[in-house]
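# Observations on the model geometry
Here is how the chains run, residue by residue.
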Amino acid sequence: MAEPPRSGATLKYGGAEIRSSHPLLHSAALLEPPPPPPLISDPVRLLLDALLRPVAAPPLKNFLRRKRSALIAVSDRYRDYHAPLWMPALLNAVSDAGIPPQNVAFIVANGTHPPPSDSDKAAILGADAAAGFPVFHNDCDDTGAFFHAGRTSRGTPVGLNRRLADFDALILTGQIQPHYYAGFGGGRKTILPGLCARESILRNHSLNLSPAGGSRPAAATCVLDGNPVHEDMVEACRMAGGAFLVNFVLNSGAVAGVFAGDPVTAHLEGCRFCASLAAVPLRRKADLVIASNGGSPFDLNLFQAHKGFDNAFRAVAPGGALVWLAACSEGAGMDGFSDWLAVGDTKEIERRLRLRFEVPGYTALRFLEKAAACRVFLVSALDPGFVTSIGFVPAASLDDALERALAENPRPSNPLVIPRASSTVPIAG
């Protein structure tokens with residue numbers, strides 16, 4: 001629920017914070033998840049407890065019994081679930097189960113995202129783990145790097161990374177957070193799209209499009225029941241064989257829960273917990289929303305920042321305005337995304353996607369649909385000409401954006417501030 005008005009605001013932007021005492025922020029209500037409970041101060045303790053009492057699976061030590069090697073899948077740099085803090089404890093647990101360090105490796109489940117650099121690996125895993133173990137990644141376009149595991153009931157060909165077959169045990173780590181078409185991240189997403197061939201990923205993501213036209217309503221944030229994208233991912237995950245899930249839920253940037261065990265059942269339990277934290281009731285939508293994506297890594301580029309944009313848009317009243325802070329220091333992001341945005345016409349984008357689905361094209365479609373439905377004042381490092389070309393108003397600062405918004409609507413009703421839009425899902429009631 002939105003909190004009472006407060007004085008001023010400090011919002012994250014890239015690796016920094018922006019402070020403003022603009023008069024409007026004295027009357028703006030705050031929309032954010034509840035503060036984390038006090039027990040989350042020790043993520044290692046939460047991890048160890050989860051490994052001992054997993055969901056629908058034996059404890060990790062029993063799961064690894066009589067196995068000689070283990071592959072640990074991790075997310076890429078666009079997810080920050082504090083792996084360097086707890087990874088030593090997970091590695092110790094694997095070693096205590098009888099698997100020697102020389103038989104352990106990591107694989108970055110980057111799907112169609114760029115491969116991780118050496119500095120990325122150190123940031124993802126921690127310097128010691130990155131230097132001490134082999135670290136592989138997914139190259140979705142290397143046809144020789146995958147084996148065919150079958151087809152889902154919706155016809156998705158499941159090409160799995162061959163590294164999965166090289167190890168006796170697979171441990172899937174990741175973060176459960178709201179996702180704008182898969183419902184939630186984490187769990188089965190580590191397999192598809194994380195460790196699959198491009199053909200598999202595109203076929204799965206094409207399920208976002210409704211045969212009747214437009215997007216499928218069920219492929220939406222915090223929706224799993226009846227979500228064809230999610231259900232297709234679950235089938236692909238099962239084709240990967242027995243795996244052990246270790247997923248984290250964050251709240252206000254801190255670890256709030258760890259869910260371990262069966263990749264599907266434990267993930268669902270984690271999703272319910274995540275929804276209880278991220279889904280925030282909203283009495284009524286606002287004429288003006290001021291939202292930050294939550295800083296790095298959630299606003300590294302425009303493609304990744306869309307998740308926060310999607311959430312913030314939920315709080316904007318029809319015809320309203322959004323002041324959005326997303327640094328986008330790395331530009332538009334995924335290859336081809338800016339080209340799809342340049343098409344401009346959503347009907348034309350949808351027509352092209354139905355001929356050949358592409359992930360950046362679908363995100364561009366969703367982006368432009370929202371851009372047409374509200375006025376967006378964007379504070380970013382993006383070229384102002386590019387920002388204007390996609391239908392947004394470029395702003396030099398938070399105060400500049402606020403002044404521009406107020407020039408168009410001097411008396412917005414119910415102004416609202418969302419400090420961490422990437423992990424806050426407004427639910428209008």
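Reference entry: report on the structure contained in this document. (Residues numbered from 1 in each chain as written. Predicted model: local features only at pLDDT ≥ 70, side-chain atom pairs only at ≥ 80, totals over all residues. Heavy atoms only, no water.)

### Side note on the packing of aromatic side chains
Within the structure shown, the criterion is met by 17 aromatic pairs. With a centroid separation of 5.0 Å and 45 degrees between ring planes, the pair formed by phenylalanine 309 and phenylalanine 367 is classed as tilted. Of the two residues, phenylalanine 309 is situated in helix 10 (residues 302–313) and phenylalanine 367 in helix 13 (residues 359–373); the sequence distance between them amounts to 58 residues. Chaining the aromatic ring pairs together yields one cluster made of Phe303, Phe309, Trp324, Phe337, Phe367 and Phe392. The aromatic ring of phenylalanine 136 is capped on one face by arginine 163, whose charged end is 3.8 Å from the ring centroid. Directly above the ring of phenylalanine 309 sits lysine 370, whose terminal nitrogen or CZ lies 5.8 Å from the centroid. (Phe/Tyr/Trp six-rings, centres within 6.5 Å; stacked < 30°, edge-to-face > 60°. Helix = DSSP H or I, 4+ residues; strand = E, 2+ residues; numbered from the N terminus. Lys NZ or Arg CZ within 6 Å of the ring centre and 35° of its normal.)

### With respect to the pairing of strand 15 (residues 286–292)
Where burial is concerned, most of strand 15 is hidden: 6 out of the 7 residues are buried. Two elements, strand 15 and strand 16 (residues 316–325), share 6 bridges in a ladder whose sense is parallel. By the bridge assignment for strand 16, valine 289 is matched with leucine 322. Relative to strand 19 (residues 416–418), strand 15 runs parallel, the two being bridged by 3 bridges. Directly across from valine 289, in strand 19, lies its bridge partner leucine 416. (Buried < 20%, exposed > 50% of the residue type's maximum accessible area, 1.4 Å probe, protein only. Pairing = 2+ DSSP bridges.)

### Comments concerning the nonpolar core
In terms of nonpolar packing, the biggest core is built from 77 residues, with Ile191, Val289, Leu302, Trp324, Leu341 and Phe392 touching the most fellow members. Core analysis: the next-biggest nonpolar cluster, separate from the first, contains 38 residues, Leu47, Ala70, Ala83 and Leu250 among them. (Core = buried A, V, L, I, M, F, W, Y, C linked by side-chain atoms within 4.5 Å.)

### Some remarks on the state of the cysteines
As enumerated under the stated definition, the model contains 0 disulfides in all. With no disulfide partner, cysteine 196 has as its closest neighbouring cysteine sulfur the one in cysteine 237, 9.6 Å distant. Cysteine 196 gets classed as buried once you look at its relative accessible area, which sits at 0%. (Disulfide = S-S within 2.5 Å.)

### Concerning the side chain of lysine 121
Secondary-structure assignment places lysine 121 in helix 5 (residues 118–125). For lysine 121, which is buried and forms no salt bridge, the nearest opposite charge comes from aspartate 118, at a distance of 4.1 Å. In this view, lysine 121 contacts Pro116, Gly126, Ala130 and Val135; residues no more than four positions away in its chain are not counted. (Lys, Arg positive; Asp, Glu negative; His and termini not counted. Salt bridge = Lys/Arg side-chain N within 4 Å of Asp/Glu carboxyl O. Contact = heavy atoms within 4.5 Å.)

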